[in-house]
Amino acid sequence: MKLYGYFRSSAAFRVRIALNLKQLDYESAFIHLRRGDQRQPAFLSVNPQGLVPALETDDGILVQSLPIIEYLDETYPSPPLLPPDAKGRARVRALAAVIACDIHPINNLRVLRYLHRPLGHDEATVETWYNHWIAEGFRGLEQLLAGDAQTGSFCHGDAPGLADIVLVPQVVNAHRYQSFDLSPYPTILRIYETCRKLDAFAAAHPDRQPDREP
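Residues numbered from 1 in each chain as written. Predicted model: local features only at pLDDT ≥ 70, side-chain atom pairs only at ≥ 80, totals over all residues. Heavy atoms only, no water.

Participant: Looking at this structure, I do not really get the packing of aromatic side chains. What am I missing?
Facilitator: Aromatic rings in a pair are described by how distant their centres are and how their planes are angled relative to each other. Applying the stated criterion across every chain, the model contains five aromatic pairs. Here the aromatic rings of Tyr4 and Phe43 are separated by 5.3 Å at their centres, their planes lie at 50 degrees, and the arrangement is tilted. Here the residue Tyr4 occupies a position in strand S1 (residues 2–5), and Phe43 occupies one in helix H2 (residues 41–44), the gap between them amounting to 39 residues. Across the pair, exposure class does not vary: Tyr4 and Phe43 are buried alike. Between the aromatic rings of Phe180 and Tyr185, the centroid separation amounts to 6.5 Å while the plane-to-plane angle is 15 degrees, which identifies the pairing as stacked. We classify Phe180 as buried; its relative accessible area is 10%. One aromatic cluster in this structure is built from Phe138, Phe180 and Tyr185. (Phe/Tyr/Trp six-rings, centres within 6.5 Å; stacked < 30°, edge-to-face > 60°. Helix = DSSP H or I, 4+ residues; strand = E, 2+ residues; numbered from the N terminus. Buried < 20%, exposed > 50% of the residue type's maximum accessible area, 1.4 Å probe, protein only.)

As structure tokens, this is what we get:
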């Protein structure tokens, strides 16, 4: 398998965690988004959509982190990343979708270009936008997790799963902004601290990637 991704991308981070939890060997191909590697013929010949992360398997190319992770879970069922019961799977999928969409940092390249250029915002204003929207998402997730009998050591029970894989990169991104206060979200922080002690999560961290930017 070959994973194409930008080292700091939260979506690529998720897929790396899943691959590590499944103890799968893969080759990492660094796609430099700021340099525009995703638009170059070499990558477009592999993936005409130019999307990252992309996972190349014997059966072809898969894109979008959540479908990739579910593919890995179905193809390599141990350890499972979704609960065995339908209600549990629905809950975990819903949590993952909430985290991926509602707590998505706004500092992706297209949004940053729009905030900087047409709107003329400086870095301080961009950070204010970031803090506001990320806090809205974290606040809602904290309420969903806190006091829920299905929340254990992790987002669902006592084994890491899909929701935790999606959560950890969002917390890592939030930590990049010193002005953002995570203390109002003790359940999220507890789960994050539990996850980051696991080798599969720690090894997937952007700063641990050999081909990261200097």
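Participant: Help me out: how do you make sense of helix H1 (residues 10–21) in this one?
Facilitator: Working note: α-helix, 3.6 residues per turn, so residues spaced by three or four point in the same direction. Spanning twelve residues, H1 covers 17 Å between terminal C-alpha atoms, matching the ideal 16 Å at 1.5 Å per step. Counting buried residues in H1 gives twelve out of twelve residues, a clear majority hidden from the surface. Of the positions making up H1, those classed as buried are Ser10, Ala11, Ala12, Phe13, Arg14, Val15, Arg16, Ile17, Ala18, Leu19, Asn20 and Leu21. Contact partners of the buried residues in H1: S1, helix H3 (65–75), helix H4 (86–102), helix H7 (162–175) and helix H9 (199–204). Put simply, Ser9 is the residue that caps the front of H1, since its side-chain oxygen is 3.2 Å from the backbone nitrogen of Ala11. (Expected span 1.5 Å × (residues − 1). Contact = heavy atoms within 4.5 Å. Polar contact = N/O pair within 3.5 Å; in protein donor to acceptor, adjacent residues only side chain to side chain.)

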